[in-house]
Amino acid sequence: MKKIENSFAVTGFVGKDAEIRKFENASVARYSIVVRHGEKDSENSASAFLSAETWRKNEDTSTFDLIKKGKMITLEGYFKPEEWTDAETGAKRNRITLVATKVYATPDVPEEKPADVPEKEPEKTSKKTKKGK
């Protein structure tokens, strides 16, 4: 049987500042990340708000400083399914949360090709004629 790896890597914008809860030995930052597929104003564009959380030991919560509304970040981690019963309606609810084990600022990537990269010239094809004997 093949091992199925539960992992992701995603880049997006922080939807809101993280809500941080501190416990005895660790802290958790809960936030949303907005991801988009396609060009911003095109007909085929789609955006989604995904729930994410990041856990850190209390001595090392500097990562939480990156999680500010509007900041582009990259997350790597695993998916965590959650189930609960709605207290008001009694209905079963579920969602998938992204648990980020790595959080880092997304490096700036130029959208256009740098000017110092020459364009590839089309290959020239030569026609050789064979002379028969």
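That block above? That's the structure.
Here the residue numbering is sequential within each chain, running from 1 through the sequence in written order. Per-residue local features of the predicted model are confined to residues with pLDDT of at least 70, and side-chain atom pairs are confined, for both listing and counting, to 80 or more; whole-chain, interface and lining totals are unaffected and use all residues. Only hydrogens and water are set aside when side-chain values are computed; all heavy atoms of the structure are taken into account.

A.B. asks: Is there a simple way to explain the overall build of the protein chain in this structure?
C.D. replies: In this description a helix means any DSSP run of H or I spanning at least four residues, a strand means any run of E spanning at least two, and both kinds are numbered starting from the N terminus. A count of helices and strands for the protein chain gives zero helices and six strands. Looking at the protein chain residue by residue over its 133 residues, the buried ones come to 24%. For the protein chain, the proportion of contacts with a sequence separation of at least 24, taken over those separated by at least 6, is 57%. All accessibility values rest on the Shrake-Rupley procedure with a 1.4 Å probe; residue burial counts only the protein chains present in the view. Element-wise, carbon and sulfur atoms account for 50% of the exposed surface of the protein chain, whose accessible area totals about 11,500 Å². Categorising residues by exposure relies on relative accessible area from a 1.4 Å probe, with only protein chains included: less than 20% of the type maximum marks a residue as buried, more than 50% marks it as exposed, and the intermediate range marks it as partly exposed. Contact definition: two residues touch when any of their heavy atoms are within 4.5 Å.

A.B. asks: Quick question: what am I supposed to make of the environment of lysine 57 here?
C.D. replies: With respect to the helices and strands, the residue lysine 57 is situated in strand S4 (residues 46–57). As a C-alpha pair, lysine 57 and asparagine 25 span 32 residues in sequence and 6.0 Å in three-dimensional space. In this structure lysine 57 touches Asn25 and Ala26, once residues within four positions along its chain are discounted.

A.B. asks: Teacher, can you tell me more about the environment of glutamate 19 here?
C.D. replies: For glutamate 19, the location among the structural elements is in strand S2 (residues 19–22). As for glutamate 19 and serine 32, which are separated by 13 residues in sequence, their C-alpha atoms are 10.0 Å apart. Discounting residues that sit within four places of it in the chain, glutamate 19 has contacts with Val28, Ala29 and Arg30. Here a polar contact is recorded for every N or O atom pair within 3.5 Å, except that within protein the pair must consist of a potential hydrogen donor and a potential acceptor, and residues adjacent in sequence are included only if both atoms are side-chain atoms. A distance of 3.2 Å separates a polar atom in the side chain of glutamate 19 from a polar atom in the side chain of lysine 16.

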